[in-house]
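# Working through the structure, step by step
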Amino acid sequence: MAEFKVTPWEVEGKIDYDKLVKQFGVSLIDESILKKFKKITGEVHFMLRRKIFFAHRDLDFILNEYEKGNKFYLYTGRGPSENLHLGHLLPLTFTKYLQEKFKVKCYIQLTDDEKFLFKRNLTIEQANKIAYENALDIIALGFNKKLTKIIVDTDYAKTLYKQAIRVAKHITFSTAKAVFGFENSSNIGQIFYTSMQAVPAFLESVFQGKNVPCLIPHGIDQDPHFRIARDVLPKLGYLKPASIQSKLLPGLLEGGKMSASIPNSAIFTTDTPKEIEKKIKNAFSGGRETIEAHRKYGGNPDIDIPFQYLKYFFEPDDKKLKKIEEDYRSGKLLTGELKQIVIEKITKFILEHQEKREKAKDVIEEFILRD
Ligand code: TRP
């Protein structure tokens, strides 16, 4: 079995999700949870059906409370070091869907402080500027203006810091070391940072003066932060935040996740149709070397990256996806043809996204929390 490593700042190797679930101690999303979703919202989102969002902590509690009339709020976030790519849009798109279905509030944290502390060549001014660029993409996804608040850490520091130090007081250096692998040479801002990421998980309870359940949709790599938050928040009198974890969108190249630091592995929201076409054409394929061999033996959609993008994001219709999958496996559908389908879908999505992103400039201030 190939080795892999998943931390909030580093993902290496081919991830074995079953192993990761055990390592992290999260629960798999099972039939009873899917049934609950169906009962409450009348449907099961394709990312749940396909186990893209596949694991959770206390999601059953969140849904049970909701059924009793006790609404939760959503919290998710993004570390602004680069433009957004499709991998980042995955949890954000799903969060927006949850907001729409459950009609609940949502906080989105943009951690310019984190990226400044963890990236060698990023100034705080740059990270802050990128946060506002990323906010445009997030708004473009269609979050509800009345129910959504975006937090840029250094611009909401007065409120956040007061709460973060309450969290920090309950985290020892040895815990931070054990959970994140810090060393004596790690800067002390990094060691403190997890307290900042914990704050939006109880901020609504602070504002309302009573406990409000919190659900955090996120890529599974962020779970270590929330393990700590779940340990500390009850000590401050708050509920443990619940969470729902997604798999990480594979990168365009063989192995590894989509990563902004490897530009050829990622499709960015700012890419042009030409760039998208080129990147998909170069993407790792499960097709055969020659057309003859492909027709004879068929392709392998399980390892084919363009096919994965249909599955994770761009073909919500199970029947259509299945047909593409079967045609590819049988050799009826060629690699070039599959890639063409994916290029068209992604290009259409990105062009529409870019228009919405322009419009977001008019309303961005209404989303940003300031103190
Ligand atoms: N640390 C996250 C990142 O680097 C950003 C983040 C902050 C976040 N709060 C979150 C992500 C809550 C998911 C959920 O991307």
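The rules behind the values
Residues numbered from 1 in each chain as written. Predicted model: local features only at pLDDT ≥ 70, side-chain atom pairs only at ≥ 80, totals over all residues. Heavy atoms only, no water. Helix = DSSP H or I, 4+ residues; strand = E, 2+ residues; numbered from the N terminus. 1 Å grid on protein atoms, 1.4 Å probe; cavity = no way out; pocket = protein on both sides within 12 Å on 5 of 7 lines; lining within 4 Å. Points joined across faces, edges and corners; volume = space filled by probe spheres on them. Nonpolar A, V, L, I, M, F, W, Y, C, P; charged D, E, K, R; others polar. Domains from an automatic or database assignment. Buried < 20%, exposed > 50% of the residue type's maximum accessible area, 1.4 Å probe, protein only. Right-handed = clockwise from strand over helix to strand, strands pointing away. Phe/Tyr/Trp six-rings, centres within 6.5 Å; stacked < 30°, edge-to-face > 60°. Lys NZ or Arg CZ within 6 Å of the ring centre and 35° of its normal.

## Comments concerning unusual backbone geometry
Unlike most non-glycine residues, aspartate 58 shows phi in positive territory, near 60°. If you trace the backbone, aspartate 58 turns up in the loop between strand 4 (53–57) and helix 4 (59–67). Located in the positive-phi region is lysine 103, a residue other than glycine, with phi close to 55°. The residue lysine 103 is located in the loop between helix 5 (86–102) and strand 6 (106–110) in this model.

## Looking at the layout of surface pockets
Considered as a void within the structure, the second largest pocket measures approximately 620 Å³ in volume. Lining the second largest pocket are 24 residues, and of these Lys14, Pro250, Asp302, Ile305 and Tyr312 sit closest to its centre. It is helix 15 (residues 305–314) that contributes the most residues to the lining of the second largest pocket, four residues altogether. Residues belonging to the lining of the second largest pocket are distributed by class as follows: 12 nonpolar, four polar and eight charged. When residues of the lining of the second largest pocket are assigned to domains, at least three map to each of domain 1 (5–252) and domain 2 (263–358).

## Some points on the pairing of strand 6
Judged by how many residues are buried, strand 6 sits mostly within the fold: five of five residues are covered. Where burial is concerned, the two faces of strand 6 agree: the one with Cys106, Ile108 and Leu110 and the one with Tyr107 and Gln109 are both buried. Crossover handedness for the path strand 5 (residues 73–78) to helix 5 to strand 6: right-handed.

## Considerations on the packing of aromatic side chains
Per the counting criterion, the structure on display carries 20 aromatic pairs. Ring geometry for tyrosine 66 versus phenylalanine 102: centroids 4.9 Å apart, planes at 85°, classification edge-to-face. Taken together, the residues span a long stretch of sequence, with tyrosine 66 in helix 4 and phenylalanine 102 in helix 5 at a distance of 36 residues. Here the aromatic rings of tyrosine 73 and tyrosine 107 are separated by 5.6 Å at their centres, their planes lie at 85°, and the arrangement is edge-to-face. Of this pair, tyrosine 73 sits in strand 5 while tyrosine 107 is found in strand 6, placing the two residues 34 residues apart along the sequence. The class of tyrosine 73 is buried, set by a relative accessible area of 1%. By relative accessible area, tyrosine 107 is classed as buried at 4%. Here the aromatic residues Trp9, Phe118, Phe180, Phe182 and Tyr193 are joined through ring pairs into a cluster of three or more. Directly above the ring of tyrosine 17 sits lysine 247, whose terminal nitrogen or CZ lies 5.5 Å from the centroid. The ring of phenylalanine 54 is capped by lysine 247, whose NZ or CZ atom sits 5.5 Å from the centre of that ring.

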